[in-house]
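Chain and residue survey
Spelled out, the chains give:
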Amino acid sequence: MRIKILGAIGEIAVSQPAYQKHSGIMVDGQILCDMGEKEYLSYAPSFVLLTHLHPDHAYFINEKASFDFPMLVFAPEPWQESNIRVISDPFVQNGYKITPIPTIHSTRVKSQGYLIEKGNCRLFYTGDMISIPSSYHRFLTGLDAVITEASYFRRGGMVRKNSDGRLFGHTGVPDLVDFFRKYTKHLIFTHFGSWFVKDPTAGKKKISGLADDSLTLDVAADGKEFMI
């Protein structure tokens, strides 16, 4: 699979030349995963997978007008009068098998990552997350690569608990490395927080310090491409 990073930052107030646009990746020029910027529609994807309805992953959340998308758009829940299709079960689209995998992230919106399979290639795109329910871990075995978030570098990230005990927020980069190394040898970090964007050189050094001979850690940037 050919991966093109369209935007590599979260909802933050700082930017750099290679870190200006919100979340979005293209897979094989066909699948758009998240659309943090309206301009991503100009790539004319065959279909779109939205991890959750926060504006840095779904630009239209802050728009007032009603609209329909010119291609199939899938998400964990509906949005107003748009033509978004709600999915929670595996399906096949344009020759790709797509498996939605729930993630713990927000108490206000539903969220899910996507296992994307074609031939023998298995890619998992997480969106924002604290964790994945244990009943879904079986889907993660033998992943060729994981594209995941890097909102916080510190261990534990920023995780809070609301009044009914449900967690919300983002886990830390070291926690994601510890979790996903059981399932893949290749992690690509994107959706960076201000800790990284203020000094990308220092941020890359921190991330590379978590790699070893059994695990490759890559860093995304706006426009950067990877082959899986």
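Residues numbered from 1 in each chain as written. Predicted model: local features only at pLDDT ≥ 70, side-chain atom pairs only at ≥ 80, totals over all residues. Heavy atoms only, no water.

1. Structural notes on the overall build of the chain
The cut-off we apply is this: Numbering goes from the N terminus for both helices and strands, where a helix is a DSSP run of H or I of at least four residues and a strand is a run of E of at least two. As defined in this context, the radius of gyration uses C-alpha atoms, and a globule is described by 2.2 Å times the residue total to the power 0.38. Only protein chains enter the accessibility calculation, which uses a 1.4 Å probe. A residue is then buried if its area is under 20% of the maximum for its type, exposed if over 50%, and partly exposed in between. Two residues form a contact once any of their heavy atoms are found within 4.5 Å. In this tally Asp and Glu are treated as negative and Lys and Arg as positive; neither His nor the chain ends contributes. In plain terms, the charge of a residue is placed at NZ if it is Lys, CZ if Arg, CG if Asp and CD if Glu.
Helices and strands together make up the secondary structure of the chain, namely three helices and 16 strands. Its C-alpha atoms give the chain a radius of gyration of 16 Å, within 12% of the compact-globule value 17 Å for 228 residues. Projected onto the principal axes, the alpha-carbon positions of the chain cover approximately 45 × 40 × 40 Å. Buried residues in the chain amount to 54% of all 228 residues. In the chain, 53% of the contacts between residues at least 6 apart in sequence involve partners at least 24 apart. Within the chain, the 24 negative side-chain charges are centred at a point lying 4 Å from the centre of the 25 positive side-chain charges.

2. Details of the sheet that holds strand 5 (residues 72-75)
To keep things clear, this is the line we draw: A pair of strands is considered paired only if DSSP assigns at least 2 bridges between the two.
With respect to topology, seven strands assemble into an open sheet ordered 6-5-4-3-2-1-16, the strand pairing being mixed. Each edge of the open sheet carries a strand with a single partner, namely strand 6 (85-86) and strand 16 (225-227). As paired elements, strand 5 and strand 6 share two bridges and run parallel to each other. Within the sheet, the bridge partner assigned to F74 lies in strand 6 and is R85.

3. Re the pairing of strand 9 (residues 112-118)
Of all seven residues that make up strand 9, six are buried, and the element is covered over most of its length. For strand 8 (residues 96-102) and strand 9, the ladder comprises six bridges, and the chain directions are antiparallel. Bridge pairing in strand 9 places I98 opposite I116. The pairing of strand 9 with strand 10 (residues 121-125) spans five bridges and is antiparallel. The residue of strand 10 that forms the bridge with K118 is C121. The turn joining strand 9 and strand 10, which pair antiparallel and follow one another in sequence, is formed by two residues; a positive phi near 60 degrees is taken by G119.

4. What to know about the packing of aromatic side chains
Counted only if it meets this: Centre distance within 6.5 Å is the pairing criterion for rings of Phe, Tyr and Trp, where only the six-membered ring of Trp is used; planes under 30 degrees apart are then read as stacked, over 60 as edge-to-face, and the remainder as tilted.
Counted under the stated rule, the structure contains 14 aromatic pairs. For the pair Y19 and F192, a centre-to-centre distance of 5.8 Å together with 85 degrees between the ring planes defines the contact as edge-to-face. Taken as a pair, Y19 in the loop between strand 1 (2-7) and strand 2 (24-27) and F192 in strand 14 (residues 186-192) lie far apart in primary sequence, 173 residues in all. Relative accessible area serves as the criterion here: at 4%, Y19 is assigned to the buried category. A centroid spacing of 6.1 Å and a plane angle of 55 degrees characterise the contact between F124 and F180, whose relative ring orientation is tilted. Within this pair, whereas F124 is found in strand 10, its partner F180 is found in helix 1 (residues 173-180), the two being separated by 56 residues in sequence. Residue F124 is classed as buried on the basis of its relative accessible area of 0%. Taking relative accessible area as the criterion, F180 reaches 0% and is therefore assigned buried. By the ring-pair criterion, three or more aromatic residues cluster together here, those being Y19, F153, F192, W195 and F196.

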